[in-house]
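Chain and residue survey
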Amino acid sequence: SQTIHQWPATLVQPVGSPLSLECTVEGTSNPNLYWYRQAAGRGLQLLFYSVGIGQISSEVPQNLSASRPQDRQFILSSKKLLLSDSGFYLCAGGQGWTGELFFGEGSRLTVL
Amino acid sequence: GQQVMQIPQYQHVQEGEDFTTYCNSSTTLSNIQWYKQRPGGHPVFLIQLVKSGEVKKQKRLTFQFGEAKKNSSLHITATQTTDVGTYFCAGGGNTNAGKSTFGDGTTLTVKP
């Protein structure tokens, strides 16, 4: 199985500041990688997914971007945060068509 | 697009009572996964169902996949306080990258 490392665990950022959340994967190569956002008491909204280095697909229009500079590294970024960007961000990894996802421990972002 | 509805949103039970959460998809699914998220934690994979009419058991948990592959259920027999958390279903479509659509989850609380 694979292990997802994600950081930072929590952060509080002012509106208009930049953001960088990082995720790395252990235990597998060439994983599919995902960024999800979870609003309080809600399900998981898929933001981005990647099937390989440099390949990013965006699921929803937003103030965020993602990059995959290395096979097992996935980064979520923003140039200027909005209040609505607050939430719990989860990085996940999966292999091919199996559907099973391994999640990182999440990053709780509060934008003030 | 694919939508996955999950009911109920909340369920409060007395310890020892049974619990069931239901998941319904607007489209036929290739597979369905179930995850558990403890309060403050991240989703953890429980199981995946692939075959029409499939039933799988994990100790007190029983998972079913409907004949039409559009619905699924998770049943917990004789709940324990350790069962508390939010249970999510995630339906896999037939697209690439193994993308799954998550339901909004059912949050279970167990009164001792």
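Before reading on, note that the structure itself is shown above.
What this report covers is the structure whose coordinates are included nearby. Computed from a predicted structure; not experimentally measured. Sequence order as written defines the numbering, with residues in each chain counted from 1. A letter from A marks each chain and a number from 1 marks each ligand, given out in the order of writing. Thresholds applied to this predicted model are a pLDDT of at least 70 for local features of residues and 80 or more for the giving and counting of side-chain atom pairs; totals over whole chains, interfaces and linings are not thresholded and use all residues. Computation of side-chain values: all heavy atoms of the structure, hydrogens and water removed.

Our next topic: the overall build of chain A. Helices and strands together make up the secondary structure of chain A, namely 0 helices and 11 strands. Comment: elements are numbered from the N terminus, with helices defined as DSSP H or I runs of at least four residues and strands as E runs of at least two. Starting at the N terminus and walking to the C terminus, you meet the elements of chain A as β-β-β-β-β-β-β-β-β-β-β. Its C-alpha atoms give chain A a radius of gyration of 13 Å, within 12% of the compact-globule value 13 Å for 112 residues. Each principal axis of the C-alpha distribution contributes one length, and for chain A these read about 35 × 30 × 25 Å. Counting every position in chain A, which comprises 112 residues, the buried fraction comes to 47%. Two residues form a contact once any of their heavy atoms are found within 4.5 Å. A sequence separation of at least 24 residues applies to 54% of the contacts in chain A between residues at least 6 apart. In these tables, accessible area is a Shrake-Rupley quantity obtained with a 1.4 Å probe, and a residue counts as shielded only by the protein chains included in the view. Summing over all exposed atoms, chain A offers an accessible surface of approximately 5,200 Å²; the carbon and sulfur share of this is 53%. Residues scored as positive are Lys and Arg, those scored as negative are Asp and Glu, and His as well as the terminal groups of each chain are ignored. For this purpose, a charge sits on NZ of Lys, CZ of Arg, CG of Asp or CD of Glu. For chain A, the separation between the mean place of its 7 positive charges and that of its 7 negative charges on side chains is 10 Å. Each radius of gyration reported is based on C-alpha atoms, and the globular scaling rule is 2.2 Å times the count of residues to the power 0.38. Classification of residues uses two cut-offs on accessible area relative to the type maximum, computed with a 1.4 Å probe and protein chains only: under 20% is buried, over 50% is exposed, and between them is partly exposed.

This part is about the packing of aromatic side chains. Only rings of Phe, Tyr and Trp enter the pairing, Trp through its six-membered ring, and a pair is recorded when the two centres are within 6.5 Å. The plane angle decides the type: under 30 degrees is stacked, over 60 is edge-to-face, the rest tilted. Considering all chains together, one arrives at 11 aromatic pairs over all chains under this definition. Ring centres 6.2 Å apart and planes at 75° place the aromatic pair Phe103 of chain A and Phe102 of chain B in the edge-to-face group. Residue Phe103 of chain A is found in strand E10 (residues 101-103), and its partner Phe102 of chain B is found in strand E10 (residues 100-102); the two belong to separate chains. Here the two residues Phe103 of chain A and Phe102 of chain B agree in accessibility, since each one is buried.

This part covers the sheet that holds strand E7 (residues 65-70) of chain A. Residue and element names in this part refer to chain A. Pairing between two strands requires that DSSP report at least two bridges joining them. Spatial ordering of the open sheet is given by E1-E3-E8-E7, a layout of 4 strands whose pairing is antiparallel. Each edge of the open sheet carries a strand with a single partner, namely strand E1 (3-7) and E7. Across the sheet, the mean angle from the axis of one strand to that of its neighbour is 20°, orientation sign disregarded. As paired elements, strand E3 (residues 19-26) and strand E8 (residues 73-78) share 6 bridges and run antiparallel to each other. Among the inter-strand pairings, Thr24 is bridged to a residue of E8, identified as Gln73. Axis definition: a line fitted to C-alpha atoms, limited for helices to the stretch in contact. Angles are taken between N-to-C directions and run from 0 to 180 degrees.

Residue and element names in this part refer to chain A. When two cysteine sulfur atoms are found within 2.5 Å, that pair is recorded as a disulfide. For the structure on display, the rule yields 2 disulfides over all chains. A sulfur-sulfur separation of 1.9 Å characterises the disulfide bridge that pairs Cys23 with Cys91. On the sign convention where negative means left-handed, the S-S torsion of about -70° between Cys23 and Cys91 marks this disulfide as left-handed. Placement of the pair is Cys23 in strand E3 and Cys91 in strand E9 (residues 87-94), with a sequence separation of 68 residues. Residue classification places Cys23 among the buried residues on the basis of a relative accessible area of 0%.

Another aspect to go through is the pairing of strand E6 (residues 55-58) of chain A. All names here are of chain A. Pairing of strand E5 (residues 44-52) with E6, which is carried by 3 bridges, proceeds in the antiparallel orientation. Residue pairing for E6: Gly52 is matched across the bridge by Gln55. Turn length for the E5-E6 hairpin, with the two strands adjacent in sequence and antiparallel, is 2 residues, and the turn residue Gly54 shows positive phi of about 75°.

Quick look at the sheet that holds strand E3 (residues 19-25) of chain B now. All names here are of chain B. Here we have 5 strands laid out as an open sheet, ordered E1-E3-E8-E7-E6, and antiparallel in their pairing. The sheet terminates laterally at strand E1 (4-7) and strand E6 (55-58), the two strands that pair on one side only. Sheet twist, expressed as the mean angle between neighbouring strand axes with direction ignored, is 15°.

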